[in-house]
Structure formats: structure tokens, C-alpha cells
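These are the residues of each chain, in order.
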Amino acid sequence: MSFFNQIPTMDRDSLRELKKGIDLSFKDFSRAYGDAIEGFFDPLLSFLIWLEKLLVSTPWPIVIGIFGLLAWIGSRSIQLVVGTITCFIVIGYFGMWENCMATVAIISVATLVCIVVGIPIGVLMAKSSRVERSILPILDMMQTIPSFVYLIPIIMLLGIGKVPGLIAVCIYALPPVVRLTNLGIREVDKETLEACEAFGATPLQKLISVQIPLSLPTIFAGVNQTIMMALAMVVIASMIGVKGLGVPILQAISNQYLALGLMNGLAIVALAIIFDRVTQKYGQRMQKHRGQKK
Amino acid sequence: MKIIKKLLISAIVVLGFTFFNVNANAACGKISIANMNWASANLMAEVDKVILEKGYGCTVELIPGATMPTFTSMNEKGEPDVAPEFWANAALEALTKATGEGRMHQVNLAPIKGLGEGWWIPPSTLEKYPELTTAAAVLARPDLFPHPEDSSKGGFHICPPGWACELINKQMFKGWGMEAKGWKIVETGSAAGLDGSMAKAVERGDNWFGYYWSPTSLIGKYQMVSLDMGKWGGDDNWHKCLVKPEQDCATPKQSSWIKSEVYTITTDNFKKTAGKDGMKYLKKRTYPGEVMNGMLVYMADNQAEGADAAIEFLKKHEDVWTKWVSGKVAKKIKASL
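The structure presented is a predicted model; accordingly, all values stated were derived computationally and were not measured.

Novice: I keep staring at the overall build of chain B and nothing clicks. Help me out?
Specialist: Across its full length, chain B holds 15 helices and eleven strands. Seen through its principal axes, chain B has C-alpha atoms that stretch 95 × 45 × 30 Å. Considering only intrachain contacts with a sequence separation of at least 6, the fraction spanning at least 24 residues in chain B is 75%.

As C-alpha cells, this is what we get:
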């Protein structure tokens, strides 16, 4: 009967040994390869530092002007441009400029990394169902595993700072762009593909000049989601030493500073809304373009 | 009326009898001990429980706690009776008042030796550069501790955002003129970030310089070396400047870290229930720093609970705890293990 009342458990000592074994082998791994892996990410680190310095040291009217210009290029909407400029001026007025620039720097680089890594993976998944089957569970895991769990090995491997923070952000933010690239390419009209095959297009030509352009709006929805999820990770990234709007929020949490937390939280919201509206508008314009062609 | 009188008398007799009985059977009654939510306090509470129960015949109940809630409860309700490791700086005024009124007793003013906050470096660094025993010597060599994001500067690891020590370290950074000496602050982000940065550096044999405190399993595990921070910069400098945000005091001066006041405190009820013997035990109970750190390492490595660690401590460090109690009591405890 006791079998039914108590679930079989590994005995305490072997369980402890198992946990210790995992810890130790990871420590050995990090001792052996940590420096090499860190070296691999060095260019990324210097790029991040350069971008942040550039954003902070450039006179603010120029930075805001560039943001306004980007908003215009993306959305072609005067309202959005005015909204963007006002938001940044208010953020600066409340003394959050430097933190905000640090956040913008890491979010842009994270988005860039996610696009560079994510779109090829998405294309591969669309090309081969076997690859899709093996990658989907990994994406599920990346999106659901609590971030605190992977922060531990990341710190052991890379220490604290911008690069580990960037990796933590990317782990969480990468899946949407991969998923939607895969979806977008798979959704491209079969007849269109047949037509271009009939004209003798090689698979590469088919991909580059037909499948990717036709799925761009979907891919763009993925990029939009990736940006949103990257912004959601700002506070977590601050927990491993990334500067930005997350730091004052952590300060606010441990001291119950309501106003400080609220102001920086709203600044993140403002960034999110700007990024979201601009990229969405851009995506819509691409879709309109396709609609006209059809 | 007669019936009531009879009842009353019999009640008094019965009560008196029970009272007498309790007194006759045990020298000590029921007491409660605060079991604080960090490892060293957890271990101390469990050790106190074993010793007071097996050695002095008390009935001990452990009550979970944290610094301020436990103190408030002791001050207002007189419960729990003992806080084995109480960081008194948090409530110094109220505690002094309560002791003055006789409601509480500061039994042991140093239950753990060698504890405190400050700046630390790994032992491997000290081995390579034996001159780095003081904060001043380390600050002269920022090149040995490169900042992760700017290797031309030295990296100084400070507390996570929002901790009181974050502010103090930032003011210390100014007070010691560290910027001019070529240092830059490393923001650690969280307790895990601070721990992780130290663990990573020591595991790889790299240099590390930053704030930490003892007793902790990390200090014990890596045998971190605390730096001599020199002279105390005066009470005003500490209380009116170093602990204040930059906008409140822009001119901090360098100083050593404030002495951490860690006491074992009890309620008056404990003095009455556990008597002289109990008070004497708590007064003598001082853990040497390295023993405490060693036990914390044991707890972390084996993911051991305080109760298991207490047994381990009593078995392994007989030479330490037998000095706290009389030979007779020690025998009783040994027999129970």
C-alpha cells in the first residue's frame, strides 16, 4: 500500500549528488570555455557600449530629431512623430534621459540580434518540416522557462553586465520572429510558387525574390512582437547589471518608492508604444503595397 | 456560597500543585526562539533549540521571522523570547529603550566573531600581490581589477539597486576619490548578480574587488579576504553623509565601515523562564567567525536545513560549544545526539 501513498523518490543523498554533479560539471565547463565564449561576444559588447555612448553624448535635440525622423520614415504619420518627440522630451524632463538611452541601445541591439539570428532559423524551419519539429519545442521552452533559471548559468559563464543581459533578453524575445517567419513563408500562395518554379527559378531565387518579400508583413509582425518582448525584459536584464530604466525600478521595488517606480515604468510603456505603433504602421504600409499589386 | 468557596479553594490547591509540579520537573519552561530567514540565524536558532531542550530541559518552539517583524513582535507582544542573531542597527533606538525599561535584555553583544561588512578580494589575488591588504593599496591598482565594460578602468562591485549599502558604497566611491584613481562602479543588479560576479571571478582565478558581508557561505567558501579600510571617519560623516543620497550630502569623506551591531536579545520572560543558567549559556555562546562560515558552506554545499546543520555542528565542533555550557549539561547533550 505504501507504494500508492507515497510517490517513489530518489533518496536524498543521490539526489544531492546528482545536483552537485550538474553544478560541478557546469562549473568545469565554464572554467574551460568561459573566457573563449566571452571573447566571442566581445565585438557585440563594444558595439553596445559604442551605441550607448553615442546616444548619451550626442546633443539631445539631434537624438530626438533622429528618432522623429525614424518615426516619420516608419509611419508617415505626423501624429506619431509629434507623439514620439513629446514622449522623449517628457522622459528627459523627468531626468530619465540617460537610463532611457541605455534602454533604447540594448533594445535596438537585442532586436537586431534577434532578426539576424531569428529570420534564418525561421526560413530553415519553413523549408524543412523535420527542422520545424525539432525547433518548436526549443522555442516553447525559451518562452516559458522562468528567466531567473537561465540567469544563473549565464552569470557563471559570462559574468554580469551588458552581454549577459543581452543574451537573457534575446532568449525571451527571439521566438516570435522565428515563429512568424516560419509561418509567413509557409503561407505564401502555392500557385505563386508554382508559377515561379515554372519560370525556372532556383530554390534560392524563389526564396529571396518571392517567398521572403511576400511574407514580409508577417515577418514584420514577428519583429514587432520581438521588440515588445525585449522591452518586457528590461527589468530582468537590470538584475544582472544592465543599465537602463530597469535599475530605478529595482530601487523602487526594494524601497517602496511609488513615484520612482511609476515614472520609470511609464517611460518603458512610452517606449513600447512608440516602437509598437511605428513598426505596426510600417507593417501596414507594406501590406497595403501588396494589396495593390494583387 | 459554600460551594463557591470550596471550588475556589480546590482550584487554588490544584493550580498550586500543578505549578509546583512543573517547577519540580524542569528548571525551564516553554520558550520560543526566532528562526530568522537567513542561514546563519537559522543555524543558531536550531543549535539553541537543541542545547536548551536537551541540556536545560526547556520546551522550545521555533517561530519564523525577519529582523523588523520579529523585533516589533518581541517589543510589543513579548514573543518570541529569543532572537539569536539580531542586526541591531535597524532598531537601535527602540531596543535601547526596551532594555532600559527592562522588557528586553541584550544578552550577548557578539554572538558571532569576525562578522561585518566591507570590501573584499579573493585569496588568490592576495597571494599574487601580497601588498594588497588594505583598501588604500587596492585602490592604487585599478589595472588589476578591470571593469567588464571598460578595461581601462578598475571595476568596483557594489550592492544591488535599492539596498541601503548601494547608497553607502556610492558615497564611499566619492569619499575615497575612486573616480580620480581610475575606478568605475560595476552595477550588480541583484543579489544573484553580486554573488555570481564574485563566484565567477574566483572560480576562474580572476581578480575581484567589491562589497560583501560576513558571515556568509560565499565568504566562507572562497575564503575571501576582507580589506583593512583604515580609520573611522567619524560618526557625523557616517550618519549624516555616507548613508544619505548624493543630493543630501555631496561631500562624503573616506571611512572604515560602521561596526555591525549584532546581538542576541531576549525578552524578560526568557530571563524568568530559563533562569540564570539559560542566560549564562546565551552570554557565553560565541561562534568563531571561521566556524560559522564553515557551517554555512556545509549548509550550502549539502543544501542542508538548519536542523541538520545544527546536529552536524554539535558533532563536529564539540570543542567550540562545550565551552558554552557546564560539563554536566554538555554530557546530557552529547548523550542525546
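Right, picking up where we left off after that structure.
Novice: Help me understand the overall build of chain A, please; the structure alone is not making it clear to me.
Specialist: Looking only at helices and strands, one finds 13 helices and zero strands in chain A. Ordered by position from the N terminus, the helices and strands of chain A form the series α-α-α-α-α-α-α-α-α-α-α-α-α. Across its three principal axes, chain A shows a C-alpha extent of roughly 70 × 60 × 45 Å. Per-residue burial over chain A gives 36% buried out of 294 residues. Considering only residue pairs separated by 6 or more positions, chain A has 77% of its internal contacts joining residues 24 or more positions apart.

Novice: Any chance you could explain helix α4 (residues 78-93) of chain A here in plain terms?
Specialist: Owing to its 3.6 residues per turn, the α-helix brings residues three or four apart onto one side. All names here are of chain A. In this model α4 runs 22 Å from its N-terminal to its C-terminal C-alpha over 16 residues, within 8% of the 22 Å that 1.5 Å per residue would give. If you check which residues of α4 are buried, you get V81, T84, C87, F88 and I91. The arc that holds every buried residue of α4, seen down its axis, measures 130°, which confines them to one face. Exposed residues on α4 whose side chains face more than 90 degrees from its buried face are I78, Q79, V82, T86 and Y93. Looking one or two residues past α4, G95 carries a phi angle of roughly 75°, positive in sign.

Novice: What am I meant to see in the nonpolar core here?
Specialist: Across soluble globular proteins, you tend to see nonpolar side chains buried next to one another. If you look at the biggest cluster of nonpolar residues, it comprises 104 residues, and the most contacted ones within it are I106, A110, V169, A173 and M233 of chain A. For this core, the element with the highest residue contribution is helix α5 (residues 97-127) of chain A, accounting for 15 residues. Within the second largest apolar cluster, 48 residues are counted, among which are C58, F71, I265 and L314 of chain B.

Novice: Looking at this model, I keep getting lost on the packing of helix α7 (residues 147-158) of chain A against helix α8 (residues 162-186) of chain A. Mind explaining?
Specialist: In helix packing, the relevant descriptors are the interaxial angle and the interaxial distance, both defined with respect to the helix axes. Residue and element names in this part refer to chain A. Where α7 meets α8, the closest approach of the two axes is 10 Å, and the angle between their N-to-C directions is 145°. As for how α7 packs across α8, the hand of that crossing is right-handed. Contacts from S147, Y150, L151, I154, I155 and L158 in α7 reach V163, P164, I167, A168, I171 and Y172 in α8. Its residues assigned to classes, the contact of α7 with α8 shows eleven nonpolar, one polar and no charged.

Novice: Before we go on, may I ask you to explain the interface of chain A and chain B in this structure?
Specialist: Frequently, the measure chosen for interface size is the accessible area that the parts lose on association. Taken together, the 24 residues of chain A in the interface contact 21 residues of chain B. When residues of the side of chain A that touches chain B are traced back to their parent elements, those giving at least two are α2 (12-57), α7 and α12 (246-255) of chain A. By residue class, the composition of the side of chain A that touches chain B is eleven nonpolar, eight polar and five charged.

Novice: Any chance you could explain the environment of L214 of chain A here in plain terms?
Specialist: Residues and elements named next belong to chain A. Here L214 lies in helix α10 (residues 203-232). Considering only alpha carbons, one finds L214 and E187, 27 residues apart in sequence, at a separation of 9.2 Å. Apart from residues lying up to four places away in sequence, L214 is in contact with V188 and T192.

Novice: What is the right way to look at unusual backbone geometry in this model?
Specialist: Note: most peptide bonds trans; most residues except glycine with negative phi. The residue after E79 of chain B, namely P80 of chain B, is reached through a cis peptide bond having omega -5°. Inspection of the secondary structure puts P80 of chain B in the loop between α3 (67-77) and β3 (82-87). Positive phi outside glycine occurs at R76 of chain A, with the angle close to 55°. Inspection of the secondary structure puts R76 of chain A in the loop between α3 (60-75) and α4. One non-glycine residue with positive phi stands out, namely Q223 of chain B, at about 55°.

Novice: Help me out: how do you make sense of the pairing of strand β5 (residues 116-121) of chain B in this one?
Specialist: Looking along a regular strand, one sees the side chains alternate between the two faces of the sheet. All names here are of chain B. Sheet topology note: the β5/strand β9 (residues 210-214) ladder contains five bridges and is antiparallel. Bridging from a neighbouring strand, W119 pairs with Y211 of β9. Inspection of the sheet shows β5 paired to strand β10 (residues 225-226) by two bridges, in the antiparallel sense. Across the sheet, residue W120 finds its bridge partner in β10, namely S226.

Novice: Would you mind showing me how to read helix α2 (residues 39-56) of chain B here?
Specialist: Look at α2 of chain B: 25 Å from first C-alpha to last across 18 residues, which is about the 26 Å you get at 1.5 Å a residue. Positive phi shows up at G57 of chain B, right after α2 of chain B, with a value of about 70°.

Novice: Even after reading the chapter, I still don't get the environment of F86 of chain B, so can you show me in this structure?
Specialist: Residues and elements named next belong to chain B. If you trace the backbone, F86 turns up in strand β3. The spatial distance from the C-alpha of F86 to the C-alpha of A66 is 9.2 Å, given a sequence separation of 20 residues. If we skip the residues at most four places from it in the chain, F86 touches T67, F71, V262, Y263, T264 and I265.

Novice: Any chance you could explain the packing of α3 of chain A against α4 of chain A here in plain terms?
Specialist: All names here are of chain A. Where α3 meets α4, the closest approach of the two axes is 8 Å, and the angle between their N-to-C directions is 150°. Regarding the angle of α3 to α4, the classification is roughly antiparallel. Read as a crossing pair, α3 and α4 show a hand that is right-handed. Listed contacts from α4 to W60, I64, F67, G68, A71, W72 and S75 of α3 are L80, V81, T84, I85, F88, I89 and G92. Counted by class, the contact of α3 with α4 contains ten nonpolar, four polar and no charged residues.

Novice: I would appreciate a short explanation of the environment of M44 of chain B in the present structure.
Specialist: Residues and elements named next belong to chain B. For M44, the location among the structural elements is in helix α2. Residue classification places M44 among the buried residues on the basis of 28 C-beta atoms within 10 Å. Sequence spacing of M44 and E85 is 41 residues, and the spatial spacing of their C-alpha atoms is 7.5 Å. The contacts of M44, once residues within four sequence positions are left out, are P84, E85 and P111.

Thresholds, definitions, all that
- Residues numbered from 1 in each chain as written.
- Chains lettered and ligands numbered in written order.
- Predicted model: local features only at pLDDT ≥ 70, side-chain atom pairs only at ≥ 80, totals over all residues.
- Helix = DSSP H or I, 4+ residues; strand = E, 2+ residues; numbered from the N terminus.
- Contact = placed C-beta atoms within 7 Å.
- Buried ≥ 20, exposed ≤ 12 C-beta atoms within 10 Å, placed from the backbone.
- Expected span 1.5 Å × (residues − 1).
- Arc of directions from axis to C-beta.
- Core = buried A, V, L, I, M, F, W, Y, C linked by C-beta atoms within 7 Å.
- Axes fitted to C-alpha atoms, helices over the stretch in contact; angles between N-to-C directions.
- Left-handed = near helix turned anticlockwise from the far one by under 90°.
- Nonpolar A, V, L, I, M, F, W, Y, C, P; charged D, E, K, R; others polar.
- Pairing = 2+ DSSP bridges.
- Parallel < 35°, antiparallel > 145°, perpendicular 65-115°, else oblique.

Function cannot be inferred from these measures alone, as they are strictly geometric.
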